[in-house]
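So the chains spell out like this:
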Amino acid sequence: MDYISVLRQYFGYPSFRGVQQEIVESIGSGHDTLGLMPTGGGKSITFQVPALAMDGVCIVVTPLIALMKDQVQHLRDRGILAAAIYSGLSHAEVLQVLDNAVYGGVKFLYVSPERLSSPLFIAKIQQMKICFITVDEAHCISQWGYDFRPSYLKIAEIRDILEPQDDTSDTPKYTIPVLALTATATPQVVDDIQERLAFSEKKVVRMSFKRDNLVYVVRKTDNKEAELIHILRSVSGSAIVYTRSRQGTKDIAKILSSHDISATFYRAGL
C-alpha cells in the first residue's frame, strides 16, 4: 500500500520519521505489533495512516478522555470520520455512535477500556467491519506496569468474541490484528503486554528514547533557595520549578518575586 501518499494527503508530512513506517507496514500487513515510542514520537500516525489505507473501522482503546476528544477533533478537522464513546454520554448518544460505526459512518472509533465490557458495545462491534484494534497506553494492561487497569484485560476477550479460536490451539490466529502502543515499558511489561493481548506472534518495534536536546545536571547544596536563585539569574529564558506540594509552589513563587525574579505558581485546585 502507498502509505506515504496517505501521510501526505491527510497530514501533510513528506515522510515518516523514526520507526513509524516499520510499525505502519507491520500492522498494515496483519501482524500483531507492539510499538515502543517516546512521548512526542508520533504514535498516532502509526495507526491513523494504515487505518486510512484499509477498509473498515479502527477501534482505538485509550484511558485518556481528554486525549480522545482532542484526537477526534483533530481527525474531523481533516475531514476524517471519527467518534468517541466515553463516560458522560447518554445511552442514545452511545447508540448513535455505534450505529454510525456499523453502517460506515465512522472510520476511527475511540473507546475507554471500561466500555469494552458493555453488552451494547459487544453486540454492536460484532456487526462492524473492523480493520484492526489499537491499544494506546498499552502498559496499563500489565500488572507489572505502574498504571494497571483491569478493564484492559477485556481486550483479549473482545478478540475471541470477534474471532472465536479453536480451544485445541496453543497459539491464537486472529485476522484482525492488534497494535499496542506505549512510551513506558520494562522488558517484563513488554512480554506481559503481548501475552495479555494474545499476540499471534511476538513483534516489538522500538524507537530510540534518546533526546539530544535534553541534559540532566544534579547539584548538591545546603541552601536550595540560594542555589535556585543563582541558576535562574545565570540562565536566560523561562524556567519551570517543581515542588513537592501545593503550598510549595506558592512559597517558591513568593521567594523568587522578592528577589526581583518574575514568578507565578500553578497547582491543582486553581
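Up top you'll find the structure we're talking about.
Rules of the game
- Residues numbered from 1 in each chain as written.
- Predicted model: local features only at pLDDT ≥ 70, side-chain atom pairs only at ≥ 80, totals over all residues.
- Heavy atoms only, no water.
- Helix = DSSP H or I, 4+ residues; strand = E, 2+ residues; numbered from the N terminus.
- Contact = heavy atoms within 4.5 Å.
- Areas by Shrake-Rupley, 256 points an atom, 1.4 Å probe, with all protein chains shown as cover.
- Lys, Arg positive; Asp, Glu negative; His and termini not counted.
- Charge placed at Lys NZ, Arg CZ, Asp CG, Glu CD.
- Phe/Tyr/Trp six-rings, centres within 6.5 Å; stacked < 30°, edge-to-face > 60°.
- Buried < 20%, exposed > 50% of the residue type's maximum accessible area, 1.4 Å probe, protein only.
- Core = buried A, V, L, I, M, F, W, Y, C linked by side-chain atoms within 4.5 Å.
- Axes fitted to C-alpha atoms, helices over the stretch in contact; angles between N-to-C directions.
- Parallel < 35°, antiparallel > 145°, perpendicular 65-115°, else oblique.
- Left-handed = near helix turned anticlockwise from the far one by under 90°.
- Nonpolar A, V, L, I, M, F, W, Y, C, P; charged D, E, K, R; others polar.
- Salt bridge = Lys/Arg side-chain N within 4 Å of Asp/Glu carboxyl O.

Peer 1: Can you break down the overall build of the protein residue by residue, with the values?
Peer 2: The helix and strand inventory of the protein stands at 10 helices and seven strands. In terms of its C-alpha atoms, the protein occupies a principal-axis envelope of roughly 70 × 40 × 40 Å. Restricting the contact set of the protein to residue pairs at least 6 apart, pairs at least 24 apart contribute 70%. As presented, the protein carries roughly 15,500 Å² of accessible surface, and 50% of it is formed by carbon and sulfur atoms. Across the protein, the 29 positively charged side chains and the 29 negatively charged ones have centroids separated by 8 Å.

Peer 1: I'd love a proper account of the packing of aromatic side chains, names of residues and values included.
Peer 2: Counted according to the given criterion, the structure contains one aromatic pair. Between the aromatic rings of F47 and F108, the centroid separation amounts to 6.4 Å while the plane-to-plane angle is 65 degrees, which identifies the pairing as edge-to-face. On the criterion of sequence distance, the pair formed by F47 in helix α3 (residues 43–52) and F108 in strand β4 (residues 108–111) is long-range, its members being 61 residues apart.

Peer 1: I'd like a description of α3, backed by residues and values.
Peer 2: Counted residue by residue, α3 has nine buried out of 10 residues, so it is predominantly covered. Those residues of α3 lying buried are K43, I45, T46, F47, Q48, V49, P50, A51 and L52.

Peer 1: Give me the lowdown on the nonpolar core, citing residues and values where you can.
Peer 2: Core analysis: the biggest nonpolar cluster contains 36 residues, and I59, L109, M128, I133 and L197 have the highest contact counts within it. The leading source of residues in this core is helix α5 (residues 91–102), at five residues. Dropping the residues within four chain positions of it, L197 is found in contact with V135, I141, I155, R159, V178 and A180. Within the second largest apolar cluster, 33 residues are counted, among which are Y3, V6, V72 and M207.

Peer 1: Could you give an account of the packing of helix α9 (residues 224–234) against helix α10 (residues 246–258), with specific residues and numbers?
Peer 2: Any two packed helices are characterised by the angle at which their axes cross and by the distance between the axes. Where α9 meets α10, the closest approach of the two axes is 11 Å, and the angle between their N-to-C directions is 60 degrees. Judged by the inter-axis angle, α9 sits oblique to α10. For the pair α9 and α10, the crossing hand works out as right-handed. Between α9, through E225, L228, I229 and L232, and α10, the contact on the second element is made entirely by I252, I255 and L256. Residues that form the contact of α9 with α10 fall into these classes: six nonpolar, no polar and one charged.

Peer 1: Hey, could you go over the environment of F47 for me, with residue numbers and the actual values?
Peer 2: F47 gets classed as buried once you look at its relative accessible area, which sits at 2%. As for F47 and A66, which are separated by 19 residues in sequence, their C-alpha atoms are 19 Å apart. Sequence-distant contacts of F47, defined by excluding residues within four places in its chain, comprise C58, V60, Q71, F108, Y110, F132, T134, L179 and L181.

Peer 1: A description of the packing of helix α2 (residues 20–28) against α3 should follow, citing residues and the corresponding values.
Peer 2: Packing of α2 against α3 leaves a shortest axis separation of 9 Å and a crossing angle of 40 degrees. The orientation of α2 with respect to α3, classified from their angle, is oblique. Regarding α2 and α3, the two cross each other, and that crossing is right-handed. Along the contact surface, α2 presents Q20, I23, V24 and I27, while α3 presents I45, T46, V49 and P50. In terms of residue class, the contact of α2 with α3 is made up of six nonpolar, two polar and no charged.

Peer 1: Outline the pattern of salt bridges, listing residues and values.
Peer 2: Considering all chains together, one arrives at nine salt bridges under this definition. In this structure, R159 and D32 form a salt bridge, with 2.9 Å as the shortest nitrogen-oxygen distance. Taken together, the residues R159 in helix α7 (residues 154–162) and D32 in the loop between α2 and β1 (33–36) connect sequence positions 127 residues apart. Each of the two residues, R159 as well as D32, counts as buried.

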